[in-house]
Amino acid sequence: MGESHRLFMTVLGGFCAELSAPVYHSSCFKACAAAAYIFATRSSALLSPISPRHSARMASLTPGQRYLLQQLPSLLAPPAVVYILSYIARAYLHLAVPTWLRVLAYAFSWPIAFTAFVQWHIYANARRARAFGAVMPPEIEHKWPGSFDLLQRLFALDKTQYFGHWLFQWREEYGDPFNFRVMFEDRIMTTEPEYIKYLLATDFSHYEKGPLLHSQFNTLLGSGVFNSDGEAWRFHRTITRPFFSRDRITDFDIFDRHAEHALDKMVARLREGVPVDWQDVVSRFTMDSATEFLFGKDVRSLDAPLPYPSTYAASTPPSGAAHKLSPNAGAGGAIHPSDRFRRAFQDALEATNLRGRFMRSWPLFEFWGDKVKPHLKAVDEFVDPIVDEALRTKAEKGAGVVAAEDRDHVRDDETLLDHLAKFTNDHKVIKDEILNILLAGRDTTACTLTFAIYALAEHPEVMRRLRKEVSSIVGLDQRPTYDNIREMKYMRAFINEVLRLWPPVPINLRCSIEPMTWKNVHPGEPDIYVPPQSRCVYSVLMMHRRKDLWGPDALIFDPDRFLDERLHKYLVANPYIFLPFNAGPRICLGQQFAYNEISFMLTRLLQRFSTITLRQDAHPEAIPPPGAERSPYAVDGRERVWMRSHLTGYVKNGLWVELEEAVPERDEAEAR
């Protein structure tokens, strides 16, 4: 047992030394202490999911069962101490301990031990903060231990108020940053560009995604680039980067094919006199485009019928709806076979997001089974054969280890799957990476396109100006080129304004690896202390809407702010106030790909339609409650859609619109 055993004996010995010196030196006491130590250390080793000898056995257990087994040493330690002390009192001190007292001691050993641990944590943080000459961020006031009253209040507000309403209010009340300490864990929340810069760039190596986030997303994303840290992250980043070269992201054939398919389906539905859920359409467009780009084969989700609003004859559920459908349902179960992959991926993402509500104890709510895994059946059925085929083809060609200089070279006909197969033969590594890139490439783009059309519906003058730019640079029916997209300055400004007010990832986080400090942005005030293993939550949505960073019109939708003097006054002077694609070493590899895809789809839509009308009334479930619609934090003082987030943003229950088809003769006359 070595040094760890001697340390364990010293701690218990010191605890009992005041009672009786001979007790500590007795063979009986040493045997009890050694037994407790062996149980704690051996059980931790045996039950660790990292142990190679037991990984298969642990993998067969549910998340809740694994969690309880891993916590077993900690759960048994307090009553074990009570047992040892009661034995010592009875056998060596000849004290008769009543049964009722022993029962109470066993029962209260857990809350006493937990309270002691929590208080020690608070004391240690305060002491270390003083040593750094810093202070902890102000803590949100609460009445109940663990801030359970705050959680109850937040869950209630979440049903009636604007997204992040409480974050906006707390920042106004407590300043920046503040500590939302919930479930006895620190959550340091900030919207300050300088502090976010520490997390993402300046002190990048001192922060990570962290083990908690990894465990919550492991079922869906495995160890891919967005769910890994350290060397694993560097490996995934390195093997993926060459694929996002300029030549790859400027080939618009895939975009064109799927954009035409999507818009044709919209036209057919609109000619029935029925509004269209644009969010549903673009989620299919981005899914089909992304899967063809990544796999060389798309899931053909656009082949499935479009949903009807609830005021019409509904045959399929709308996007963003809280539908409860079997993950294996076919056409008879309300899910079209062509749409199974997209629905399954979406449901898996929503189930994964729910884990975040329960913090570290999330596995207890999945004690009888992993609630994400069933949704992945359709995903596995599509992805696994394609990965197997790529590896089989590689083996048949005799391509073992690929030379380093050949790895970075990407052929014109090479998919990301083919590219990854050059680096590894590990099926899981390839699959994890593909699904990670799919999530980023599909969800973030779909979110931006959704809110872009909402903005056009609310600002017809912006749409007219965009159509004029498209007409003059691209034409009314030509396919846009990469040079066309670069030339459309107002289009880029429009997309940036959408990304500013509705960023695809509105809230993100990092976990501190060691004690850190943030230089206070207010001169003369002490620095901010960040304890080790603390979750640091940052909101680019809130930062993008701050009037002190973007001017008094920060909540007004105005693409011109990216073209006029405001660009130099605010953004050029402080680039970290605009982070729709993250920053630092983890900056999004596919941001230019996303700009191209969004610009292409918007150009094609503007060529075919002249006006957009919001029709949330066609699907009343999509109308936000008054507290969300008229929120003081809403864009333009009123948002007629209900923004939500499950890692990426979306509109709850869909974005229902009517579009008027463009008349070429009228467009030509206006152009003249």
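This one's a predicted model, so the numbers in the text were calculated from it and none came from an experiment.

### Section: the overall build of the protein
Right, on to step 1. Scanning the protein for helices and strands turns up 28 helices and 13 strands.
Right, on to step 2. The 672 residues of the protein split such that 53% are buried.
Right, on to step 3. At a minimum sequence separation of 6, the contacts of the protein that also span at least 24 residues come to 75%.

### Focus on helix α7 (residues 148–157)
Right, on to step 1. Along α7, the positions that sit buried rather than exposed are D149, L150, L151, L154 and L157.
Right, on to step 2. Those residues of α7 that are buried are in contact with α8 (165–174).

### Here's the deal with the sheet that holds strand β3 (residues 187–190)
Remark on secondary structure: sheet strands pair via backbone hydrogen bonds, oriented parallel or antiparallel.
Right, on to step 1. The sheet built from 5 strands is open, its strands ordered β2-β3-β9-β6-β4 with mixed pairing. Where the open sheet ends on each side, the last strands, each with one partner, are β2 (178–179) and β4 (207–208).
Right, on to step 2. Bridge count between β3 and strand β9 (residues 535–538): 4 bridges; the pairing is parallel. Considered in β9, the bridge of R187 is made with R535.
Right, on to step 3. Packed onto the sheet, helix α9 (residues 193–202) meets β3, β4, β6 (508–512) and β9 and runs at close to 125° relative to β9.

### Notes on the nonpolar core
Right, on to step 1. In this structure, W278, F494, W502 and W518 are the most contacted members of the largest nonpolar core, which totals 155 residues.
Right, on to step 2. With 15 residues, helix α19 (residues 427–458) is the single largest residue contributor to this core.
Right, on to step 3. Setting aside residues up to four positions removed in sequence, F494 forms contacts with A452, A455, L456, V462, L466, F557, P559 and L602.

### With respect to helix α26 (residues 591–608)
Right, on to step 1. Relative to the 26 Å expected for 18 residues at 1.5 Å per residue, α26 spans 26 Å between its end C-alpha atoms, a close match to the ideal helical length.
Right, on to step 2. With 15 of 18 residues buried, α26 lies mostly within the body of the structure.

### A word on the sheet that holds strand β8 (residues 527–530)
Right, on to step 1. In spatial order, the strands read β1-β8-β7; together these 3 strands make up an open sheet with mixed pairing. Across the chains shown, the open sheet's two edge strands, defined by having one partner strand only, are β1 (134–135) and β7 (516–518).
Right, on to step 2. Relative to β8, β7 runs antiparallel, the two sharing 3 bridges. Along β8, the bridge assignment pairs T517 with Y529.

### Thoughts on the pairing of strand β12 (residues 648–651)
Right, on to step 1. Of the two faces of β12, the one holding T648 and Y650 and the one holding G649 and V651 are both buried throughout.
Right, on to step 2. Across 4 bridges, strand β11 (residues 643–646) lies against β12 in antiparallel orientation. Its bridge partner lying in β12, M643 is registered against V651.
Right, on to step 3. Taking the residues between adjacent antiparallel strands as the criterion, β11 and β12 are bridged by 1 residue, where L647 takes a positive phi near 80°.

### A word on the pattern of salt bridges
Right, on to step 1. Under the criterion given, the structure shown has 44 salt bridges.
Right, on to step 2. Note that R271 and E661 form a salt bridge whose closest N and O atoms lie 2.9 Å from each other. A residue pair is termed long-range when its members are at least 10 positions apart, and R271 in the loop between α13 (253–270) and β5 (276–277) and E661 in strand β13 (residues 656–661) qualify at 390 residues.
Right, on to step 3. According to the relative accessible area criterion, R271 is exposed, its value standing at 62%.
Right, on to step 4. Accessibility expressed as a relative area gives 32% for E661, which makes it partly exposed.
Right, on to step 5. Here R340 makes a salt bridge to E381, at a shortest N to O gap of 3.2 Å. Here R340 is found in helix α15 (residues 340–355), whereas its partner E381 is found in helix α16 (residues 377–396), with 41 residues between them in sequence.
Right, on to step 6. Residue class for E381 comes out partly exposed when judged on its relative accessible area of 42%.
Right, on to step 7. Through salt bridges that share partners, D253, D256, E260, D264, R479, R604 and R608 make up one connected network.

### With respect to the packing of α16 against α19
Right, on to step 1. Where α16 meets α19, the closest approach of the two axes is 10 Å, and the angle between their N-to-C directions is 125°. Judged by the angle between their axes, α16 and α19 are oblique. Judged by the sense of rotation from one axis to the other, the crossing of α16 with α19 is right-handed. Facing α16, whose interface residues are V379, D380, V383, D384, V387, D388 and L391, α19 presents H427, I430, K431 and L435.

Reading the values: rules and limits
Numbers given to residues run from 1 along each chain, matching the order in which its sequence is written. At least 70 in pLDDT is required for a residue's local features to be given in this predicted model, at least 80 for side-chain atom pairs to be given and counted, and no such filter applies to totals for whole chains, interfaces and linings, which use all residues. With hydrogens and water stripped out, all remaining heavy atoms of the structure feed into the side-chain values. Runs of E in the DSSP output that reach at least two residues are strands. Runs of H or I that reach at least four are helices, and both are numbered from the N terminus. The classification of residues rests on relative accessible area computed with a 1.4 Å probe and restricted to protein chains. Under 20% of the type maximum is buried, over 50% is exposed, and intermediate values are partly exposed. Between two residues, a contact is recorded if the distance between any of their heavy atoms is within 4.5 Å. Two strands pair if DSSP finds at least two bridges between them. To obtain each axis, a line is fitted to C-alpha atoms, and for helices this fit is confined to the stretch in contact; angles are then taken between N-to-C directions over 0 to 180 degrees. Among buried residues, the Ala, Val, Leu, Ile, Met, Phe, Trp, Tyr and Cys ones that are joined through side-chain atoms within 4.5 Å form a nonpolar core. One less than the number of residues in a helix, times 1.5 Å, gives the span that helix is expected to have. Any carboxyl oxygen of Asp or Glu within 4 Å of a side-chain nitrogen of Lys or Arg constitutes a salt bridge here. Any angle that falls under 35 degrees is termed roughly parallel, while one over 145 is termed roughly antiparallel, one within 65 to 115 roughly perpendicular, and all others oblique. Left-handed describes a crossing in which the near helix is turned anticlockwise from the far one by less than a right angle; the clockwise case is right-handed.

These results come straight from atomic positions and should not be treated as a statement about function.
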